Amino acid sequence: MTIQSFFPPQRTLMGPGPSDVSPRVLSALARPTIGHLDPCFVAMMDEVKELLQYAFQTKNKFTMAVSAPGSAGMEACFVNLITPSDTVVVCVNGVFGMRMIENVKRIGAKLVAVEGEWGRAVDPKTLEDALKANPQANFVAFVHAETSTGALSDAKTLCAIAKQHDCLTIVDAVTSLGGVELRVDEWQIDAVYSGSQKCLSCVPGLSPVSFSDKAAEVIQNRGVAVQSWFLDQTLVMGYWSGEGKRSYHHTAPVNSLYALHESLVMLQNEGLENSWARHKTMHDKLSIGLRDLGLDFIVPADERLPQLNAVYIPEGIDDVKVRQFLLNEYNLEIGAGLGAFAGKAWRIGLMGYAARNENVTLCLAALKEALQQ
């Protein structure tokens, strides 16, 4: 058999990611490939850095995009900042907090796990109690927007508590960047990572990260080598710094960075706060329709993430059959539950370009038909 060219179907992506990609971003991918040290490309990298600083609301000099998905951004933050002699408090309220724990364990640092209820925001008091009980702790890590449950934690308050105990913070903003309020400098976040495929509506495969000056100093002065060569930010700094000659580290994903640049230009043109408001408006419309269908949210309204809507599957309804129906009949993708919610919940994404009226209408109509059948 001769294998032919691959042409994927046209789907509407309303799962936990990737999200729908704007035609403008897809068009940017097709622009001519140039060298990753070409002066034109280097100039574009400077613009990507500036645009990411806007998206993160930071002036951090060390703001860039890791040439790999959000999971690599997570690992870059952990392996560069943490050494085996450190104590790390990790707040867990879903799957992605558990992944933070796995990073701490593999580094060999002392772990203090603060277990929270899945489907709820991190309770600031539990963090406060953990830090009082472990005065030697020097890092606090938590997920701002827990993609596995749709819970949004109060990052501003959690970071303030961490600072009161002289801890640096590591924050997962994979699903929050561009979709809800996130102010890295004002909230004193030391290390933050995200993903290109969520509310930025770019193609998967890039992880925006930002390190505060204090975090960058810790990285540069650490006494032991970073255990990952590729993710060693002391090596990457020379490529993204924009100061003097760029040092070669790896071949950057040129066309993917074109796409990220375009998605960030679109975010800038819309306005960051307008993007936050749009996600909230579309969430409100979707939530009314979901309630009319008899679907209950997992997360209380005041802790709910607008761009990731997790709802319980009604009793007697087959999870897989409904999702297959949506995919086969409407080319519509929604997500299954993860971890404790596997087989018990659906995750409906309204991220970036997908947060549109027509997507809300399509999703509600298709779900209604699926449930009736």
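Up top you'll find the structure we're talking about.
Residues numbered from 1 in each chain as written. Predicted model: local features only at pLDDT ≥ 70, side-chain atom pairs only at ≥ 80, totals over all residues. Heavy atoms only, no water.

Undergrad: Explain the pattern of salt bridges here, please?
TA: Where charged atoms from two side chains of opposite charge come close, those side chains can pair. Taken as a whole, this structure holds 14 salt bridges when the rule is applied. With its nearest N and O atoms 3.8 Å apart, the salt bridge here joins Arg356 to Asp20. Placement of Arg356 in the loop between β14 (345-349) and α12 (357-372) and of Asp20 in the loop between β1 (12-13) and α1 (23-29) is noted, with a sequence separation of 336 residues between them. Using a relative accessible area of 9% as the deciding quantity, one classes Asp20 as buried. Of the charged contacts in the structure, one is a salt bridge between Asp319 and Arg323, with a shortest N-O distance of 2.8 Å. One end of the pair, Asp319, and the other, Arg323, are both in helix α11 (residues 319-330), 4 residues apart, so they sit about a helical turn from each other. The class for Asp319 is buried, based on a relative accessible area of 11%. For Arg323, a relative accessible area of 23% translates into the label partly exposed. (Salt bridge = Lys/Arg side-chain N within 4 Å of Asp/Glu carboxyl O. Helix = DSSP H or I, 4+ residues; strand = E, 2+ residues; numbered from the N terminus. Buried < 20%, exposed > 50% of the residue type's maximum accessible area, 1.4 Å probe, protein only.)

Undergrad: Would you explain the environment of Met282 in this entry?
TA: Locating Met282 in the fold gives a position in helix α10 (residues 272-292). Accessibility expressed as a relative area gives 7% for Met282, which makes it buried. Along the backbone, Met282 and Leu326 are 44 residues apart, and their C-alpha atoms lie at a distance of 20 Å. Ignoring anything within four residues of it in the chain, the contact list for Met282 reads Leu350, Ala355, Arg356, Asn357 and Val360. (Contact = heavy atoms within 4.5 Å.)

Undergrad: Would you mind showing me how to read α10 here?
TA: Between the first and last C-alpha of α10 there are 31 Å, a value that for 21 residues agrees with the 30 Å anticipated at 1.5 Å per step. Listed in full, the buried residues belonging to α10 are Leu272, Ser275, Trp276, His279, Met282, His283, Leu286, Ser287, Gly289 and Leu290. Along the axis of α10, the buried positions cluster into a sector of 165 degrees, meaning they face one direction only. For α10, the exposed residues lying more than 90 degrees away from the buried face are Glu273 and Asp292. Lining the buried residues of α10 we find α2 (39-56), α9 (254-270), β11 (308-312), β14 and α12. One or two steps after α10, the chain reaches Gly294, where phi turns positive at roughly 85 degrees. (Expected span 1.5 Å × (residues − 1). Arc of directions from axis to C-beta.)

Undergrad: How do you make sense of helix α3 (residues 70-81) when you look at a structure like this?
TA: Each α-helix turn comprises 3.6 residues. Residues three or four places apart therefore point the same way. The end-to-end C-alpha distance of α3, which contains 12 residues, comes to 17 Å, matching closely the 16 Å that a straight helix rising 1.5 Å per residue would cover. Within α3, 10 of the 12 residues are buried, which leaves the element mostly enclosed by the surrounding structure. Among the residues of α3, those classed as buried are Gly70, Ala72, Gly73, Met74, Ala76, Cys77, Phe78, Val79, Asn80 and Leu81.

Undergrad: Sorry if this is basic, but what is going on with the sheet that holds strand β13 (residues 335-336) here?
TA: Picture the strands of a sheet paired through backbone hydrogen bonds; they go either parallel or antiparallel. Strand order across the open sheet formed by 3 strands is β11-β14-β13, with antiparallel pairing between neighbours. In the strand order of this sheet, the two ends are held by β11 and β13, each with one partner. In this sheet, β14 lies alongside β11 in antiparallel orientation, the contact comprising 5 bridges. Residue pairing in the sheet places Asn309 in a bridge with Ile348 of β14. (Pairing = 2+ DSSP bridges.)

Undergrad: How should unusual backbone geometry be read in this particular structure?
TA: Phi is mostly negative for residues that are not glycine, and the peptide bonds are mostly trans. That bond from Gly17 to Pro18 is cis: its omega, 5 degrees, falls within 30 degrees of zero. Mapped onto the elements of the fold, Pro18 is located in the loop between β1 and α1. Look at Gln57: it is not a glycine, yet its phi comes out positive at around 55 degrees. Look at Gln57 and you get partly exposed, because its relative accessible area is 28%. Unusually for a residue other than glycine, Ser201 sits at a positive phi of about 55 degrees. Note that Ser201 resides in the loop between β9 (191-193) and β10 (207-211).

Undergrad: Please clarify how the side chain of Asn93 should be interpreted in this entry.
TA: Inspection of the secondary structure assignment puts Asn93 in the loop between β3 (87-92) and α4 (95-107). According to the relative accessible area criterion, Asn93 is buried, its value standing at 0%. Once residues within four sequence positions are removed from consideration, Asn93 is found in contact with Gly116, Glu117, Trp118, Gly119, Arg120, Ala121, Val122, Glu146, Thr149, Ala151 and Ser153.

Undergrad: How should I be thinking about the packing of helix α5 (residues 124-133) against helix α6 (residues 155-164) in this particular structure?
TA: For any two helices packed against each other, the geometry is given by the interaxial angle and the distance between the axes. Where α5 meets α6, the closest approach of the two axes is 10 Å, and the angle between their N-to-C directions is 15 degrees. It follows from the interaxial angle that α5 and α6 lie roughly parallel. Between α5 and α6 the crossing geometry is right-handed. On α6, the residues that touch Pro124, Leu127, Glu128 and Leu131 of α5 are Thr157, Leu158, Ile161, Ala162 and Gln164. (Axes fitted to C-alpha atoms, helices over the stretch in contact; angles between N-to-C directions. Parallel < 35°, antiparallel > 145°, perpendicular 65-115°, else oblique. Left-handed = near helix turned anticlockwise from the far one by under 90°.)

Undergrad: So what exactly am I meant to see when it comes to the environment of Leu37 here?
TA: Its location among the elements puts Leu37 in the loop between α1 and α2. The class of Leu37 is partly exposed, set by a relative accessible area of 41%. Each C-alpha atom of the pair Leu37 and Thr251 lies 8.8 Å from the other, and the pair is 214 residues apart in sequence. Aside from chain neighbours lying at most four places away, what touches Leu37 is Val42, Tyr239, Arg246 and Tyr248.

Undergrad: Just to check I follow, could you spell out the packing of aromatic side chains for this structure?
TA: The geometry of an aromatic ring pair is captured by two quantities: the separation of the ring centres and the angle between the planes. Applying the stated criterion across every chain yields a total of 4 aromatic pairs. A centroid spacing of 5.1 Å and a plane angle of 20 degrees characterise the contact between Phe62 and Phe211, whose relative ring orientation is stacked. Of the two residues, Phe62 sits in strand β2 (residues 62-66) while Phe211 sits in strand β10, which places them 149 residues apart along the sequence. The exposure class of Phe211 is buried, given its relative accessible area of 1%. The ring of Phe297 is capped by Arg304, whose NZ or CZ atom sits 3.9 Å from the centre of that ring. (Phe/Tyr/Trp six-rings, centres within 6.5 Å; stacked < 30°, edge-to-face > 60°. Lys NZ or Arg CZ within 6 Å of the ring centre and 35° of its normal.)

Don't take any of this as a statement about function, it's just geometry.
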